[in-house]
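Tertiary structure, described
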Amino acid sequence: MNGKNSFERLERLPAKLLHGGDYNPEQWLDRPDILKQDIDYMKAAHINVVTLGVFSWSVYEPEEGEYYFEWLDAIMDRLYENGIYVILATPSGARPAWLDEKYPEVMRVNEYGLRNTHGIRHNHCMSSPIYRRKVTEMNEKLALRYGRHPALILWHVSNELGGSCYCELCRERFRQFLEERYHTVERLNQEWWTTFWSHRFGNFTQIDPPSPRGESSIHGLNLDWKRFTTWNMTDYMKSEIEVLRRITPDIPVTTNFMRLYKGLDYHRMAPELDIVSWDSYPAWGKQGETLWDTFAQTAFEHSVMRSMKPDRPYLLMESTPSIVNWHQTNKLKRPGIHRLSSLQAIACGADSVLYFQWRKARGSFEQHHGAVIDHLGTNDTRVYREVSQLGEELMKLDQLCGSTAHNDVAVLYDWENRWAIEDMAGLSDRKRYDETVQEIYRVLLRHGIDSDLVSEETEFGRYKVVIAPMLYLLKPQTASFMKKFTEAGGVLLATYMSGYVNENTLCYLGGFPGDGLREVFGLYSEEIDSLYADETNGAVFKDGGDNACEIRDFCEIVKVQDAEIMAVYTQDFYAGEPVLTRKVWGEGQAWYLAARMDEAGMSSVLRRVCEAGGLEWERLPTGLEVHYRYKEGVRYTIALNTAREKIIYKKRLIEALDAVVWEEEISDADVKGNR
Amino acid sequence: MNGKNSFERLERLPAKLLHGGDYNPEQWLDRPDILKQDIDYMKAAHINVVTLGVFSWSVYEPEEGEYYFEWLDAIMDRLYENGIYVILATPSGARPAWLDEKYPEVMRVNEYGLRNTHGIRHNHCMSSPIYRRKVTEMNEKLALRYGRHPALILWHVSNELGGSCYCELCRERFRQFLEERYHTVERLNQEWWTTFWSHRFGNFTQIDPPSPRGESSIHGLNLDWKRFTTWNMTDYMKSEIEVLRRITPDIPVTTNFMRLYKGLDYHRMAPELDIVSWDSYPAWGKQGETLWDTFAQTAFEHSVMRSMKPDRPYLLMESTPSIVNWHQTNKLKRPGIHRLSSLQAIACGADSVLYFQWRKARGSFEQHHGAVIDHLGTNDTRVYREVSQLGEELMKLDQLCGSTAHNDVAVLYDWENRWAIEDMAGLSDRKRYDETVQEIYRVLLRHGIDSDLVSEETEFGRYKVVIAPMLYLLKPQTASFMKKFTEAGGVLLATYMSGYVNENTLCYLGGFPGDGLREVFGLYSEEIDSLYADETNGAVFKDGGDNACEIRDFCEIVKVQDAEIMAVYTQDFYAGEPVLTRKVWGEGQAWYLAARMDEAGMSSVLRRVCEAGGLEWERLPTGLEVHYRYKEGVRYTIALNTAREKIIYKKRLIEALDAVVWEEEISDADVKGNR
Amino acid sequence: MNGKNSFERLERLPAKLLHGGDYNPEQWLDRPDILKQDIDYMKAAHINVVTLGVFSWSVYEPEEGEYYFEWLDAIMDRLYENGIYVILATPSGARPAWLDEKYPEVMRVNEYGLRNTHGIRHNHCMSSPIYRRKVTEMNEKLALRYGRHPALILWHVSNELGGSCYCELCRERFRQFLEERYHTVERLNQEWWTTFWSHRFGNFTQIDPPSPRGESSIHGLNLDWKRFTTWNMTDYMKSEIEVLRRITPDIPVTTNFMRLYKGLDYHRMAPELDIVSWDSYPAWGKQGETLWDTFAQTAFEHSVMRSMKPDRPYLLMESTPSIVNWHQTNKLKRPGIHRLSSLQAIACGADSVLYFQWRKARGSFEQHHGAVIDHLGTNDTRVYREVSQLGEELMKLDQLCGSTAHNDVAVLYDWENRWAIEDMAGLSDRKRYDETVQEIYRVLLRHGIDSDLVSEETEFGRYKVVIAPMLYLLKPQTASFMKKFTEAGGVLLATYMSGYVNENTLCYLGGFPGDGLREVFGLYSEEIDSLYADETNGAVFKDGGDNACEIRDFCEIVKVQDAEIMAVYTQDFYAGEPVLTRKVWGEGQAWYLAARMDEAGMSSVLRRVCEAGGLEWERLPTGLEVHYRYKEGVRYTIALNTAREKIIYKKRLIEALDAVVWEEEISDADVKGNR
């Protein structure tokens, strides 16, 4: 039915960096002067694309079955005439009041079993046949009316999908989901270990989602409910995409992800999309962080998005040209920050800089969210000028369009593992999985190594080094991927709290890390000590050198059976016991880190591991961040200086808060990540 | 129908300062010895009034339709025989159990849509026709039975009215309220900017109050719900007053306000009352505050109450002779504090010192709330002695009765603006409107200037200086009042975050402050920077002198078009940009302060503004607080020394924790505030 | 019907210290290799008892009426063959899913009036006739099948009973409970002081439990609801016990208490049991505490349990050999701590060291809770070795079995007083009743004096000194017990906040402490000052010497009528007023402490009081804890060294973290507590 494949559909995107953002002309239909001014100001700011229709349902269809699209026809024609493309959203992100009034079942039921009332957004039941039917009708109208419009380059399905629903329909679908997963209730009882606390189920109909009014203590149930919610949301999203693909098989599709949103496993949703896009709202200039810290955290998030489809670019779908309205403190972006942060997106692999939003709304919840055009209504503002200058600069970087990253290092960052660790009852309340992964990413970045953030379902063949921090939930194939990778010469690093439970949170028997990894690393964990907040231990590296590091939070006491001890604890009753080990496995090496080290310690460990993988390890000048993109034999280096002083790097001068881009021809062998 | 006007009704009050408080003899009807002792002890303590019947419904009417008032007849007769007047409450502040049992609809529904069950107090639906009918029946009985009783001087309607109800009746009335306000749903959609997030309503029936289970993101809806709640509570209160006025047209009416309670706009309720009264429970001796701080905060609250009816006194309806039972720490009033705080009420314009309560209850929630008579049951206590001595002293101050304040400075403090700022989504979570207004009041007070706290609906003709801090929500007529006031020679000071939205929270277009104020001040705000908690900026005043000040939280970057720059920022990328400006407008001056300054900075600014208004600016000795009352050509000065050392002021010696009152004859021209 | 009395039933327990714990073989029925290994490892670790069946209902009865006990038959036989006894639980601690599905009324209704859904545990309605019937059926089956099994030594009723239910059945029973307590609603109105806030009830049917949606301000109601919950839970527990006693009159019964759990008055439940048992999970090594602190807190809890039945031992039913999974930080027990803490239980009077649990579950909520056997599955672990060594050591201490403590000092620690103080509205939010009692226990322990923690209903004849801290709620007979005790030569110490309210929270009239205690102490409290968190006062002792102490939180100002002033305040307006007094009463003395002193002050006071009682007062070496057990003319001294250095005590050397036990023959007159 779909004549084109995903890569072909992406050809619909113009071969240039996109600059633009959300545009809501339906709020200003009574002000033609403003609509006219919008076009003029957009062109002057080098805007080449806008996103339309994100929340337009109540204007498209103010009463059931009565449609008004003429206003949009005019807007899209006018935009196209002025050289501005359109990303068109399906309007399912919020429902018109008549729909909730007539069909209350489309509203969600919360975890207490109470149905929401009308309002806010993100509030539809993903299972509701009525809602799916109404959305299908709407999407058909949009696809038929605008599918061939020359301005249209991309579908934007709904908006920031999220949340969950506990209505009867969803409960029933959950039970079906479980039955398909486990086949028999006996198997479910075994995998959820329900004999504990007399929780055995006699049949699937007895099972309800976790609830503060009912069950919350079965980890398998908790995890499967999250899996189901992702599955159901993806199923709903596919029902939207199906209509669009059917009518407009050549238009690519995306939906906008929300950073590291915990509620949905984006790794399960991304395969359904032609291109990944996301909304980025860091707190630039946040108190207690250096600018580099904020940039590094944002680079991490860019990497998560990029790594979902590593062979193509992604889009920055939303960002703010000034402030948002929902941080606790919404500090103005300082002069130059908007440019630098936008170029960081390009550096990390995005092919766009898009804003929420073009013009500030006069009222309602986001009236104080930053925009290119303020309530003031003129172009004589600092924000407009910075946007405009950036637009001009982006035009000069169009050659980066389509280029991609090729990194040597992968760091495992898995949604199901996040969920399992978060739900885990025990050890300490400072588990900090996200922070731990991010710390590793940052240490690498500070030493010039950008890395991919990948799920447990990734085969690691393209990488030289794989780092698997806190892989508490070890999925069935992951251990074998690891073995295969290491056997083939890869360098693997795992840490404390790895391989404790299987994919249904049953503890592995016979020693952690389970599923055969105990042999790979040549050790098992006998006990794990949790430290109080202010307690520390330390480490001595056997090969001498950089020994000053602090250990906090977690210390595994491991029994080494067949591995080289690289470092040992310095304190407490396990002083002298191993804290870092290495074992040769096949052509590669398997390293194990038994405790949570501070940044100095992680640098020491990661240096050893990366050097074992043949990588260069060099501390970048303070404040510098470097990324690479590759295309057709050319490597683009993008160097961002987040410091207040100039930096000399690779003989190039980079002024404070400046970014420099340069290109080099390279052979295929030099492409990082191509092995 | 009401033969008398409000001023005439006030003649019913005796021409002396009232001393007394809440008295609950119905709790002791089985103890005639205690009831007898009460009268003896009251007389000895110079009590001349008590408040009866505040929570007596279940004793008046223990079963529906069965009334018992004989006990009250006896009490009132006995009090009157002993020279003690009566303020009689209507008992609607709490309902008897039979009423809730028989008519559950009189109980409120909460914001989640669940009906409360019986209990506590303040729990009636203001819309319920049944509740209004039962209250009317009760009030008729009371008015007919006691309306001519010589002891009766004042009706006290219900008690500390507050809260809101979300039942179907209230929802329906809310929709009617909206229809009367906006006439068409299209107009409402425009003013609430519902096109945002697809929130357009097709008709009024689709609208529900804000709810955590439904809509909470439409600022216009949130604000109108608060307006409605005030309107509905006022309507209910008027239904109580109507009965009393009909039967006893010569008895004045009050209700007791709760300090700065956010749930009701007291400025809308006060016009229905003959005299304003309130309940004051400061934490005297609170850790981290000087005594002066606590006094100044209390003076602020007195001023809010006084300013609602500036041409007549108000009443202190409740205060405690020792402790309350609901502060986190209920420290004893130190010796002398009771006297000093009571005289402060008189100094600020009250004609009473009344207590909650005369005698401690043996049980239930307030059993540990302070009272004149303790569970101990004797008059041989420090508390009784201090009350008694104060009673004697108040008798000597009866000439102050009826005198009023006449202040030169008004500070805008508006409930709807409070609500709008509180609900505003953006900038920073340290908006602190109340604290900002209070800081201005305190700085003025510290320099000998008492000020009125007035709503945006006040015409400013009687003042020389008007200060309008953070006037985020600018009502339709306020800008014109300001212009008129300034044109006529007044001095106006506005600040950052002024004139951002109209009365329905729609942002003004064309530059803040909106509605024409941009011209009055000769500038507009291009951006506003929100600082993190520990960040600061600074200011330099162009006219030299007192330059040391810190700026926190908010810094507007203003574009001056036609104003004199009085001070500039010292730091950050907007160093050198204006932070204080002045523009001559008509006969007066319009000052604009773009950032939040600390006390030193506010002193510098207010000194300049007050001196521009022709006022004297003098720092009072530390710990001193001074107020004035005027009557018939006499000015009474009341000077309170909150310090631990004696103070010499105007050649008068004021001992530590002492208060001194003196009078001077003055000409009309000298009366402050009479212009 | 029950042929044996409670003491006789206890003979069923073997005459040795029990070592073992919870064992859940039903989780491993598909792993006979593991079940076999369990027995082997148990024997090697000197395990002599296991607790079976705590959560086995869904395995016993997977569908209604279909029972499977054969697996248990085999397990019990095998255990007995291997010399391991069985404590058999009734499985009512958690219900199978079919039961909730078929009879939803067995699930609790929460305080908001919403019925829970299936899940967790501790979730049955104690009133439900259906639940009681199903439990009775199950218990009958168990008692008939296993009542004569030679392995069975003790019934373990349900598990950690707790919580409350607000369903209609419970409401109705609550009303009956009230009617039996007060007989007439008029009496209830008086005792609850409902005339306050118009809360008078017309009949019992109008009364509902306290609720966040309804009434919460009547202290009498709040207290009676807690009383009812204890009564109803006890009634439920008795319904379980009744079956067991009927069928197996010679098997003793216990249930496992949860430390100082506030929800149930254990003093009301203990009389129904043959032996008290409890679950102890201290955070050994907690940050900010010395090891002695943690031991002393645990000794306090042991004492609470022991004091419920002072003439027989109790059982430590659960403890962990390593970590739990629910502390915020679950630090490993350091080497030696498991032995020392287990011996502390024996020292305090327990006849057992039992664990939760034998083997870690593979999944669900407690999968990371410590156990003797880890997921690793071997006996080659530190935990197993320490358990095993302890087992060996316990065998050598079997002569302590059956011995009991005989202390000279009783400290009042009463559940109803805890509830009343917690619910009290007033004074300060730092009431800290528990902390205050515990501080007294600790000061005594540090000076070599172990004490009993007893309820207000205890006659004090066996003690020399009785300390009654913060006896806010003074029950009817307690004052007379105190008088009698003091008259007979006892030394009594009471403190601030004593005798304020009667058993229904009505304040005593005529001066605190009420009910005649004013005469015993020769004073009354006129006022009580609450200090802010950082404020202090001080004291000077009139007899000189140890005067440095700080006073915090509460300072009563007392009027002494007939008592000797032993110490006075040093600061504030009540400097010089009495803070400690003594009055001779009969043959004894009545001391009164008017303020909250720090540890130094409490040491000064308690020294004087204990010496007045003829006790020896000697500060033990830092870190030492000493307990005594007595049996048949022998006194066993158990000295625990919690310090990191060795200690010489009574000429005996005690190594760091070591415990020493020795015995001496004594005459009856030397037995402490025997008077």
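Residues numbered from 1 in each chain as written. Chains lettered and ligands numbered in written order. Predicted model: local features only at pLDDT ≥ 70, side-chain atom pairs only at ≥ 80, totals over all residues. Heavy atoms only, no water.

**Notes on the overall build of chain A**
Helix and strand counts for chain A come out as 18 helices and 25 strands. Its C-alpha atoms put chain A at 75 × 70 × 45 Å along the principal axes. Counting across all 675 residues of chain A, residues that qualify as buried make up 68%. For chain A, restricting intrachain contacts to residue pairs at least 6 apart in sequence, the fraction spanning at least 24 positions comes to 73%. Carbon and sulfur atoms make up 48% of the accessible area of chain A, which totals about 21,900 Å². Across chain A, the mean location of the 79 positive side-chain charges is 2 Å away from that of the 101 negative side-chain charges. (Helix = DSSP H or I, 4+ residues; strand = E, 2+ residues; numbered from the N terminus. Buried < 20%, exposed > 50% of the residue type's maximum accessible area, 1.4 Å probe, protein only. Contact = heavy atoms within 4.5 Å. Areas by Shrake-Rupley, 256 points an atom, 1.4 Å probe, with all protein chains shown as cover. Lys, Arg positive; Asp, Glu negative; His and termini not counted. Charge placed at Lys NZ, Arg CZ, Asp CG, Glu CD.)

**Comments concerning the relation of the copies chain C and chain B**
For these two chain copies, the linking operation is a rotation about an axis paired with a shift along it. Expressed as a screw operation, the relation of chain C to chain B combines 0.0 Å of axial shift with a rotation of 120 degrees, fitting to an RMSD of 0.0 Å. What the superposition gives is, in effect, a three-fold axis relating one chain to the other. The C-alpha atom lying nearest the rotation axis in chain C is that of Leu114 of chain C; the distance is 6.3 Å. (Least-squares fit on C-alpha atoms with pLDDT ≥ 70 in both.)

**Quick word on the sheet that holds strand S4 (residues 152-156) of chain C**
All names here are of chain C. On the basis of which strands lie adjacent, the open sheet formed by 6 strands has the order S5-S4-S3-S2-S1-S9 and parallel pairing. Of all strands in the sheet, those bounded by a partner on one side alone are strand S5 (253-254) and strand S9 (352-355). Bridge count for S4 against S5 is 2 bridges, and the pairing is parallel. Within the sheet, the bridge partner assigned to His156 lies in S5 and is Thr254. (Pairing = 2+ DSSP bridges.)

**Some words on helix H4 (residues 70-81) of chain A**
All names here are of chain A. Over its 12 residues, H4 extends 17 Å from the first C-alpha to the last, a length consistent with the 16 Å expected when each residue adds 1.5 Å. Here H4 has its buried residues at Trp71, Leu72, Ile75, Met76 and Leu79. Along H4, the residues classed as buried sweep out an arc of 125 degrees about the axis, all on the same side. Where H4 is buried, its residues meet helix H2 (32-44), strand S2 (49-52), helix H3 (57-60), strand S3 (85-89) and helix H6 (129-146). Where H4 terminates, the next one or two residues include Gly83, which has phi positive at roughly 80 degrees. (Expected span 1.5 Å × (residues − 1). Arc of directions from axis to C-beta.)

**Some words on the packing of aromatic side chains**
Overall, the coordinates contain 111 aromatic pairs over all chains when judged by the stated rule. With a centroid separation of 5.6 Å and 55 degrees between ring planes, the pair formed by Tyr41 of chain B and Tyr384 of chain B is classed as tilted. Taken together, the residues Tyr41 of chain B in helix H2 (residues 32-44) and Tyr384 of chain B in helix H13 (residues 382-395) connect sequence positions 343 residues apart. Grouping aromatic residues by their ring pairs yields a cluster made of Phe257, Tyr261, Tyr266, Phe300, Tyr413, Trp415, Tyr433 and Tyr441 of chain A. Over the aromatic face of Trp415 of chain B sits the side chain of Arg418 of chain B, whose NZ or CZ is 5.0 Å from the ring centroid. (Phe/Tyr/Trp six-rings, centres within 6.5 Å; stacked < 30°, edge-to-face > 60°. Lys NZ or Arg CZ within 6 Å of the ring centre and 35° of its normal.)

**Overview of the interface of chain C and chain A**
Contact residues are listed per partner, giving 52 residues for chain C and 56 residues for chain A. Summed over the shared surface of chain C and chain A, the result is 4 salt bridges. A salt bridge links Arg382 of chain C to Glu527 of chain A; the nearest nitrogen and oxygen atoms lie 2.9 Å apart. The interface formed by chain C and chain A contains 28 residue pairs in polar contact (both at pLDDT 80 or more). Its residues assigned to classes, the side of chain C that touches chain A comprises 18 nonpolar, 19 polar and 15 charged. (Salt bridge = Lys/Arg side-chain N within 4 Å of Asp/Glu carboxyl O. Polar contact = N/O pair within 3.5 Å; in protein donor to acceptor, adjacent residues only side chain to side chain. Nonpolar A, V, L, I, M, F, W, Y, C, P; charged D, E, K, R; others polar.)

**A closer look at the packing of helix H11 (residues 291-308) of chain A against helix H12 (residues 337-348) of chain A**
Each pair of packed helices can be summarised by the angle the axes make with each other and by the distance between the axes. Residues and elements named next belong to chain A. In the contact formed by H11 and H12, the axes pass within 9 Å of each other and the chain directions differ by 35 degrees. Read as a crossing pair, H11 and H12 show a hand that is right-handed. When H11 is examined against H12, the residues Leu291, Phe295, Thr298, Ala299, His302 and Arg306 are found in contact with a partner set consisting of Ile337, Leu340, Ser341, Gln344, Ala345 and Cys348. Classifying every residue of the contact of H11 with H12 by side-chain character gives 7 nonpolar, 4 polar and 1 charged. (Axes fitted to C-alpha atoms, helices over the stretch in contact; angles between N-to-C directions. Left-handed = near helix turned anticlockwise from the far one by under 90°.)

**Describing the confidence of the model for chain A**
Regions with low pLDDT should not have their predicted coordinates read in detail. The predicted model of chain A averages 96 in pLDDT, with 98% of residues at 70 or higher. The ipTM assigned to the predicted complex is 0.95, against a pTM of 0.96. (pLDDT = per-residue confidence, 0-100.)

**A look at the interface of chain C and chain B**
Each partner contributes to the interface: chain C provides 56 residues, whereas chain B provides 52 residues. Where chain C abuts chain B, roughly 4,800 Å² becomes buried across the two surfaces, and 54% of that area is made up of carbon and sulfur atoms. Taken together, the links from chain C to chain B amount to 4 salt bridges. Where chain C touches chain B, the interface holds 26 residue pairs in polar contact (both at pLDDT 80 or more). Secondary structure elements with two or more residues in the side of chain C that touches chain B: helix H8 (185-192) and strand S14 (523-530) of chain C. Here the side of chain C that touches chain B gets 6 residues from one element, more than from any other, and that element is S14 of chain C. (Buried area = accessible area lost by both parts, 1.4 Å probe.)

**Some points on the pattern of salt bridges**
Taken as a whole and assessed by the stated rule, the structure comprises 183 salt bridges over all chains. Note that Lys360 of chain B and Asp374 of chain B form a salt bridge whose closest N and O atoms lie 2.8 Å from each other. Pair noted here: Lys360 of chain B is in the loop between strand S9 (352-355) and H13 and Asp374 of chain B is in the loop between S9 and H13, with a separation of 14 residues, a long-range link. One continuous salt-bridge network, built from bridges that share partners, spans Arg181, Asp224, Arg227, Asp265, Arg268, Asp414, Glu416, Glu457 and Lys475 of chain A.

**Some remarks on the packing of helix H15 (residues 433-446) of chain B against helix H18 (residues 599-612) of chain B**
All names here are of chain B. Taken N-terminus to C-terminus, the directions of H15 and H18 make an angle of 65 degrees; their axes are 10 Å apart at the nearest point. Here H15 is positioned roughly perpendicular relative to H18, judged by the angle of their axes. Judged by the sense of rotation from one axis to the other, the crossing of H15 with H18 is right-handed. Residues Glu439, Ile440, Val443, Leu444 and Arg446 of H15 form the contact with H18, whose participating residues are Glu599, Met602, Ser603, Leu606 and Cys610. When grouped by side-chain class, the residues that make up the contact of H15 with H18 number 6 nonpolar, 1 polar and 3 charged. (Parallel < 35°, antiparallel > 145°, perpendicular 65-115°, else oblique.)

**Observations regarding the side chain of Arg306 of chain B**
Residue and element names in this part refer to chain B. For Arg306, the location among the structural elements is in helix H11 (residues 291-308). Here Cys348 takes part through its backbone oxygen, which lies 3.0 Å from a polar atom of the side chain of Arg306. Residues within four places of Arg306 in sequence aside, it is in contact with Tyr314, Cys348, Ala405, Asn407, Asp450, Ser451 and Asp452.

**Points about the sheet that holds strand S22 (residues 634-641) of chain A**
Residues and elements named next belong to chain A. Read from one edge of the open sheet, 3 strands run S21-S22-S25, paired in antiparallel fashion. Of all strands in the sheet, those with a lone pairing partner are strand S21 (624-631) and strand S25 (659-665), marking the two edges. Between one strand axis and the next, the sheet turns by 20 degrees as a mean value, whatever way the strands run. Inspection of the sheet shows S22 paired to S25 by 7 bridges, in the antiparallel sense. Following the sheet pairing, Leu640 is matched in S25 by Ala659.

**Overview of the environment of Asp429 of chain C**
Structurally, the position occupied by Asp429 of chain C is in the loop between helix H14 (415-423) and helix H15 (433-446). Classification of Asp429 of chain C by relative accessible area gives partly exposed; the value is 46%. For the pair Asp429 of chain C and Met126 of chain C, spaced 303 residues apart in sequence, the C-alpha to C-alpha distance is 33 Å. Setting aside chain neighbours within four positions, we find Asp429 of chain C in contact with Gln328 and Thr329 of chain B.

**Considering unusual backbone geometry**
For the peptide bond that leads from Phe356 of chain B to Gln357 of chain B, omega is 15 degrees, which places it in the cis range. Its place among the elements puts Gln357 of chain B in the loop between S9 and H13. Cis rather than trans, the peptide bond between Phe512 of chain B and Pro513 of chain B has omega equal to -5 degrees. Here Pro513 of chain B shows up in the loop between strand S13 (491-495) and helix H17 (517-521). A positive phi is found at Ser364 of chain A, a non-glycine position, where the angle reads about 70 degrees. In this structure, Ser364 of chain A sits in the loop between strand S9 (352-355) and helix H13 (382-395). A positive phi angle, near 50 degrees, is found at Ser158 of chain B, a position not held by glycine. As for its position among the elements, Ser158 of chain B is in the loop between strand S4 (152-156) and helix H7 (168-182). Judged by relative accessible area, Ser158 of chain B falls into the buried class, the value being 0%.

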